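Residues per chain, in single letters:
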Amino acid sequence: MTLLSEIQGVLERTYAPTGLALEECLISRQRSEQLQSILPPAQRSLCGWAHTFLRIQNERLYVALYYHPRLISRLETEPPHQSISHRNIHALMAFTEEITHGVHACLAYRRGLWKNVDLQSPVLACDLETRAKVDTYFLILRFIRLLAGQLDENSKQWVKHCLFATDTVAEPYEKRYRIANWLAQKAIIKMEAVSDGNSAPLIRYFQPLPLIEKWRWVR
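Below or above, wherever it landed, is the structure these notes cover. (Residues numbered from 1 in each chain as written. Predicted model: local features only at pLDDT ≥ 70, side-chain atom pairs only at ≥ 80, totals over all residues. Heavy atoms only, no water.)

Per the secondary structure count, the chain includes 10 helices and 2 strands. Sequence-ordered secondary structure for the chain, helices as α and strands as β, is α-α-α-β-β-α-α-α-α-α-α-α. Against the compact-globule benchmark of 17 Å for 219 residues, the chain has a radius of gyration of 17 Å, which places it among compact chains. With respect to the three principal axes, the spread of C-alpha positions in the chain is 45 × 40 × 35 Å. Taking all 219 residues of the chain together, the buried fraction comes to 49%. Here the analysis covers contacts within the chain between residues at least 6 apart in sequence; of these, 67% occur between residues at least 24 apart. Working note: accessible area of the chain is about 11,800 Å², and carbon and sulfur atoms make up 51% of it. Considering the chain, the positive charge centre built from 27 side chains and the negative charge centre built from 22 side chains are found 3 Å apart. (Helix = DSSP H or I, 4+ residues; strand = E, 2+ residues; numbered from the N terminus. Rg over C-alpha atoms; globule rule 2.2 N^0.38 Å. Buried < 20%, exposed > 50% of the residue type's maximum accessible area, 1.4 Å probe, protein only. Contact = heavy atoms within 4.5 Å. Areas by Shrake-Rupley, 256 points an atom, 1.4 Å probe, with all protein chains shown as cover. Lys, Arg positive; Asp, Glu negative; His and termini not counted. Charge placed at Lys NZ, Arg CZ, Asp CG, Glu CD.)

To continue, consider the packing of helix H4 (residues 69-77) against helix H5 (residues 89-110). Each pair of packed helices gets described by two things: the angle between the helix axes and the distance between those axes. At their nearest, the axes of H4 and H5 sit 9 Å apart, and the two run at 120° to each other. As far as their axial angle goes, H5 and H4 are oblique. As H4 runs across H5, the sense of the crossing is left-handed. Counted together, Leu-71, Ile-72, Arg-74 and Leu-75 of H4 and Ala-91, Leu-92, Ala-94 and Phe-95 of H5 form the full contact between these two elements. For the contact of H4 with H5, the class distribution of residues is 7 nonpolar, no polar and 1 charged. (Axes fitted to C-alpha atoms, helices over the stretch in contact; angles between N-to-C directions. Parallel < 35°, antiparallel > 145°, perpendicular 65-115°, else oblique. Left-handed = near helix turned anticlockwise from the far one by under 90°. Nonpolar A, V, L, I, M, F, W, Y, C, P; charged D, E, K, R; others polar.)

Moving on, we get to the pairing of strand S1 (residues 50-57). The pairing of S1 with strand S2 (residues 60-67) spans 8 bridges and is antiparallel. Across the sheet, Ile-56 pairs through a bridge with Leu-61, a residue of S2. Remark: 2 residues form the turn of the hairpin made by S1 and S2, two consecutive strands paired antiparallel; Asn-58 in that turn has positive phi of roughly 55°. (Pairing = 2+ DSSP bridges.)

Note that an α-helix has 3.6 residues per turn; residues three or four places apart therefore point the same way. For helix H6 (residues 122-148), which comprises 27 residues, the first-to-last C-alpha distance of 39 Å matches the rise-based estimate of 39 Å (1.5 Å per residue) to within 8%. Here H6 lies mainly inside the structure; 20 of its 27 residues are buried. Two or three places before Val-123, at the start of H6, stands the capping residue Ser-121, its side-chain oxygen 3.2 Å from that residue's backbone nitrogen. Gly-149 sits one or two residues past H6 and shows a positive phi near 85°. (Expected span 1.5 Å × (residues − 1). Polar contact = N/O pair within 3.5 Å; in protein donor to acceptor, adjacent residues only side chain to side chain.)

Bringing empty space enclosed by the protein into the picture now. The final tally for this structure, using the stated rule, is 1 cavity of 30 Å³ or more. Taken together, Tyr-15, His-104, Leu-107, Ala-108, Arg-111, Leu-113, Arg-131 and Pro-208 make up the lining of the largest cavity. In terms of residues, the lining of the largest cavity owes the most to one element, H5, which gives 3 residues. Of the residues belonging to the lining of the largest cavity, the class tally is 5 nonpolar, 1 polar and 2 charged. (1 Å grid on protein atoms, 1.4 Å probe; cavity = no way out; pocket = protein on both sides within 12 Å on 5 of 7 lines; lining within 4 Å. Points joined across faces, edges and corners; volume = space filled by probe spheres on them.)

That's the geometry; what it means functionally is another story.
See below:
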């Protein structure tokens, strides 16, 4: 089992099957550059070392995942199954967030929630980023728990710091990421405070909520 299929499997057991193997959606750097060329100019700066491309055409959702070779090399050099440290956690976060984008996009489309949706909508993008942060936090804690056999508060605080203190996104997208980070942090704090060690039911409840309902829930 690859790291990608393992993470997708955990997400689908948490939510629902997507019916799509995201491994088959991996694309080359050349193809990524081709897809970037048709994006609005401002959005190309967001692609970076990892990116999820989404397109709806002829009533079908198309998904493509791109990872820069250096990101993959980092995870191969220090596999998360063997250790998680400052050397590989940011690569693991970027790797995981794109998988969550693909999974949630597929599930929303299959449930008919993306009929006539604008994939360039900042609200949709903010919602996907919020979901990605929440999922990525709990998925990385899962890796740490498997490695160490337990979790302590220091590990949780370190993961939160890595996940939320390192985003540097220029305008016009800075506000979107700031809101997504705020929502995700508040949601995680609330889930950990009231879940009694089992956050899965709250995650399943929170993630499909529309963005405004997420806001109301964390407040």
